[in-house]
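The lines below spell out each chain.
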Amino acid sequence: MGYDVGVIFRIIGIGVLVAVAHYVLKNSGKEDYAFIATLGGLAIALFWVVQLLGSFFDQVKSVFKLF
């Protein structure tokens, strides 16, 4: 029942990349692209979190022998 710490570092990495991209795009006058980059990063991070939650609930089901 070990968790992959690499996922946490990937989420941190995408957060840093999105923050830098947002800063650069916003300061260059492209606020629309900065917003789209932020939404893209958020979508990627949420996708990873949803996968982790799915595996977590599968483990809870197996521990309590539900279904």
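Definitions and cut-offs
Residues numbered from 1 in each chain as written. Predicted model: local features only at pLDDT ≥ 70, side-chain atom pairs only at ≥ 80, totals over all residues. Heavy atoms only, no water. Helix = DSSP H or I, 4+ residues; strand = E, 2+ residues; numbered from the N terminus. Rg over C-alpha atoms; globule rule 2.2 N^0.38 Å. Buried < 20%, exposed > 50% of the residue type's maximum accessible area, 1.4 Å probe, protein only. Lys, Arg positive; Asp, Glu negative; His and termini not counted. Charge placed at Lys NZ, Arg CZ, Asp CG, Glu CD. Axes fitted to C-alpha atoms, helices over the stretch in contact; angles between N-to-C directions. Parallel < 35°, antiparallel > 145°, perpendicular 65-115°, else oblique. Contact = heavy atoms within 4.5 Å.

Draft legend 1. Spatial organisation of the overall build of the protein. Within the protein, the secondary structure is distributed over 2 helices and 0 strands. Whereas a compact globule of 67 residues would reach a radius of gyration of roughly 11 Å, the protein reaches 17 Å, over 25% beyond that. For the protein, the spread of C-alpha atoms along the three principal axes comes to 55 × 20 × 10 Å. Looking at the protein residue by residue over its 67 residues, the buried ones come to 10%. Taking the 5 positively charged and 4 negatively charged side chains of the protein as two groups, their mean positions are separated by 7 Å.

Draft legend 2. Highlighting the packing of helix α1 (residues 6-27) against helix α2 (residues 31-64). For the pair α1 and α2, interaxial distance at closest approach is 8 Å and the crossing angle is 170 degrees. Taken together, the axes of α1 and α2 lie roughly antiparallel to each other. Listed contacts from α2 to Val7, Arg10, Ile11, Ile14, Val18, His22, Leu25 and Lys26 of α1 are Glu31, Tyr33, Ala34, Phe35, Ala37, Thr38, Gly41, Ile44, Ala45, Trp48, Val49 and Leu52.

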